[in-house]
Amino acid sequence: QARNHVIWAYNVLATLDSNINYTDSIIAFLVNETDVASRKQLVATYYSKGDYSKTSQFLGTLLDGTSEIDQFKNYYYLLLAIAGDERNIYQLRTEEIVTLQNIATTNTSAALSAQGILKLVNDEVFNRVIERVENEQALASLNSSKNKNDKWIEKYMQVYPNPANLNLIVNYDVSTQYFNE
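Notes on the structure follow. Please read all numbers here as calculations on a predicted model, not as lab measurements. (Residues numbered from 1 in each chain as written. Predicted model: local features only at pLDDT ≥ 70, side-chain atom pairs only at ≥ 80, totals over all residues. Heavy atoms only, no water.)

## Here we look at the overall build of the chain
The secondary structure content of the chain amounts to nine helices and two strands. Contacts in the chain between residues far apart in sequence, at least 24 positions, make up 41% of those at least 6 positions apart. Approximately 11700 Å² of the chain is accessible, and the part contributed by carbon and sulfur atoms is 50%. (Helix = DSSP H or I, 4+ residues; strand = E, 2+ residues; numbered from the N terminus. Contact = heavy atoms within 4.5 Å. Areas by Shrake-Rupley, 256 points an atom, 1.4 Å probe, with all protein chains shown as cover.)

Put into C-alpha cells, the structure is as follows:
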C-alpha cells in the first residue's frame with residue numbers, strides 16, 4: 001500500500017514539474033521488485049517513458065498465466081505494436097480494435113484501459129462493474145451486511161474507475177450536516 005502511494009506521488013510530481021525526471025526514480029524503485037504488481041507498474045512506467053525495449057523485456061517477466069496477466073500483456077503488446085509502427089490510437093487496424101474490444105469485456109485492470117481507448121476512438125460505451133457478486137448467496141450476504149455507514153457512503157460518496165491510469169476517482173461530500181444523520 002505504501003509503495004503505491006510513493007509511486008502515485010512520483011507520477012503526480014512528474015506531471016507538475018517537467019524539469020525533474022521522476023520516472024527514473026520510479027524505475028529505480030521498482031526494478032528490483034519481483035511481485036506482479038511491481039512488474040506491471042514497471043511495464044507501464046517504461047511504456048510511458050517511451051522505452052519500448054524495456055517495456056517488452058519486463059512484459060516477458062510476467063509469467064503468472066492468469067486472465068489478469070494475460071490481458072495486461074495483450075494490452076501492452078498491442079500498444080508496443082502501434083508504437084513500433086509509429087502510429088497512434090486513432091490509427092488502429094481492425095484486428096487491433098477487435099483485440100481491444102476483447103480485452104475490454106474482461107474483468108481485469110487492462111479492461112479499463114482498453115475501454116478508455118475505445119471510448120476515445122470509437123465512442124464506445126461500457127458498463128462499469130465496480131463490484132461483481134458471483135451468486136445469490138453472496139448477494140444476500142452483501143445486502144444483509146449493509147449498515148448506517150454503508151448507507152452514508154451510498155448517499156454521499158461516488159467512486160469511478162479512471163481508465164487512463166487504473167486509479168479510482170473518489171468524490172465525496174464531507175459537509176458537517178451529513179455527519180448528524
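## Description of the packing of aromatic side chains
One pass over the structure, following the stated rule, counts five aromatic pairs. Relative to Phe58, the ring of Tyr46 has its centre 5.5 Å away and its plane inclined at 15 degrees; by these criteria the two rings are stacked. Within this pair, whereas Tyr46 is found in helix H3 (residues 36-49), its partner Phe58 is found in helix H4 (residues 52-59), the two being separated by twelve residues in sequence. Per residue, the accessibility class of Tyr46 equals that of Phe58, and both read buried. (Phe/Tyr/Trp six-rings, centres within 6.5 Å; stacked < 30°, edge-to-face > 60°. Buried < 20%, exposed > 50% of the residue type's maximum accessible area, 1.4 Å probe, protein only.)

## Let's talk about helix H6 (residues 94-104)
Structural remark: α-helix, 3.6 residues per turn; residues separated by three or four positions point the same way. Looking at H6, one finds that the buried residues are Glu96, Ile97, Leu100, Ile103 and Ala104. Buried positions in H6, seen along its axis, are confined to an arc of 120 degrees and lie on one side of it. (Arc of directions from axis to C-beta.)

## A few points about the environment of Tyr76
Here Tyr76 is to be found in helix H5 (residues 67-84). For Tyr76, a relative accessible area of 10% gives the class buried. In sequence terms Tyr76 and Ala44 are 32 residues apart; their C-alpha atoms lie 8.2 Å from each other. With near-sequence residues (within four places) excluded, Tyr76 lies in contact with Val43, Ala44, Tyr47, Thr55 and Leu59.

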